[in-house]
Each structure stands twice: as C-alpha cells, then as structure tokens.
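A closer look at the structure
Letter by letter, the chains look like this.
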Amino acid sequence: MSAGLDRIDLKILRLLQEDGRIGNADLAKRVNTSPATCHRRTQRLFDEGYLRGVRGVVAPDKVGRGSLVLVGVVLDRSTPESFSAFEAAALAMPTLLDCHLVAGDFDYFLKIRVSDMADFNRMHSEILIALPGVRQTRTFFVMKEVIDNAPLSL
C-alpha cells in the first residue's frame, strides 16, 4: 500500500468498490468521519489517482452480450510501431472490454463480449483478423464466469 493511505482511506476505497452509488453521508457514517471530511478524503483519492472513476456494472446478458470470449493474439512483428498500430485499432472495437500486452506465447490477450458464437464469428472474420499486424489468434469461449472483475483486495 502507498504510504499516503491510512485506514480510513482504505475503508473508503473498499466501500466504494462494493457500492459506487453510496452517498457521501452514508459513506461518512460507515468510515466514522464527518461528511465534509469524507468528501475531502474521497476527492483527494480521485485527485491523486487512487480512484479512477465510479460506474455501474451492466448485466451483459440483459443487453445481448451474454457470451464472453478471450482471444490470444500473435502479431507478425514485435516492434513498437506494430504494437501501436494494433492498440490504436483495438481501441476502436466496441465489444472489446480489455486488451492486455502480455509476455509468453501471445502478444495480447483480449476480453470480448458478444451475443453468441455466430456474433463472434462475424466479428472475428470482419474485424479481429483484419486488425493491423495480426498473424494468429487463438479463441477461448468462456463456459462459466466463476470470478469476473472482482474488487481489489485492500
């Protein structure tokens, strides 16, 4: 942990991970501070980059994106230019949740939400293999999401 965080800061971070909709008054009560102090602390956590944002978590199946797919990508070259071109194109993919540059057998791992296998097949043939520098992809269809996007342990 950072030397700049005390037990109250950590509790604020934990509580906001559990429920980003918690109001400042309730948050202050739960961390045993005044609302003004809690607001200042929360604002400082944002200002110093400990909190990057607060957002709602959408149920993928309710919006037609119930299938989760992980894709390993191998590029044809390992150069800064090829990485930059791939990453710029990946940023434009609306169904892409995560894109990670990794070490090992793949250059990137992608986390993608689609409606079903046919939807992924269309996206794969029209978008994925057309991304700059892609030599090979390996696809993993998620059978069961045991843990997804768990909060950080603080």
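Just so it is clear, the structure is predicted and the values come from calculations on it, not from any experiment.

Observations regarding the pairing of strand E2 (residues 96-101)
Judged from the 5 bridges that link them, E2 and strand E3 (residues 108-114) form a sheet pairing that is antiparallel. Residue leucine 101 lies in a different strand from E3, and its bridge partner there is tyrosine 108.

Quick look at the UniProt feature "domain: HTH asnC-type" (unreviewed entry) in the protein
If you check UniProt for "domain: HTH asnC-type" (unreviewed entry), the listed places come out as residues 5-66 in our numbering. Between the first and last C-alpha atoms of residues 5-66 the distance is 38 Å; the span itself is 53% helix and 0% strand.

Description of the sheet that holds strand E1 (residues 67-75)
The strand order across the open sheet formed by 4 strands is E2-E3-E1-E4, and the pairing between neighbours is antiparallel. Pairing within the sheet leaves two strands with one partner each, and these edge strands are E2 and strand E4 (134-141). Within this sheet the neighbouring strands show an average axis-to-axis angle of 20°, counted without direction. Of the strands in this sheet, E1, E3 and E4 touch helix H5 (residues 117-126), which is tilted by about 130° from E3.

Things to note about unusual backbone geometry
Its identity is not glycine, yet asparagine 32 carries a phi of approximately 65°, on the positive side. Inspection of the secondary structure assignment puts asparagine 32 in the loop between helix H2 (24-31) and helix H3 (35-47). Looking at asparagine 32, the relative accessible area reads 70%, which means it is exposed. A positive phi is found at asparagine 149, a non-glycine position, where the angle reads about 55°. Take asparagine 149: it is sitting in the segment after E4. For asparagine 149, a relative accessible area of 60% puts it in the exposed group.

Side note on a positive patch on the surface
A cluster of basic residues, Arg7, Lys11, Arg14 and Arg30, forms a positive patch at the surface. Residue position: arginine 30 is located in helix H2.

A closer look at the domain arrangement of the protein
Here the protein is described as being made up of domain 1 (7-48) and domain 2 (60-141). Measuring from the centre of the C-alpha atoms in domain 1 to the corresponding centre in domain 2 gives 36 Å.

What counts as what
- Residues numbered from 1 in each chain as written.
- Predicted model: local features only at pLDDT ≥ 70, side-chain atom pairs only at ≥ 80, totals over all residues.
- Heavy atoms only, no water.
- Pairing = 2+ DSSP bridges.
- Helix = DSSP H or I, 4+ residues; strand = E, 2+ residues; numbered from the N terminus.
- UniProt positions renumbered as here; feature names shortened; annotations may be inferred.
- Axes fitted to C-alpha atoms, helices over the stretch in contact; angles between N-to-C directions.
- Contact = heavy atoms within 4.5 Å.
- Buried < 20%, exposed > 50% of the residue type's maximum accessible area, 1.4 Å probe, protein only.
- Patch = residues over 30% accessible without salt bridge, like charges linked within 9 Å, V, L, I, M, F, W, Y side chains within 5 Å.
- Areas by Shrake-Rupley, 256 points an atom, 1.4 Å probe, with all protein chains shown as cover.
- Salt bridge = Lys/Arg side-chain N within 4 Å of Asp/Glu carboxyl O.
- Lys, Arg positive; Asp, Glu negative; His and termini not counted.
- Charge placed at Lys NZ, Arg CZ, Asp CG, Glu CD.
- Domains from an automatic or database assignment.

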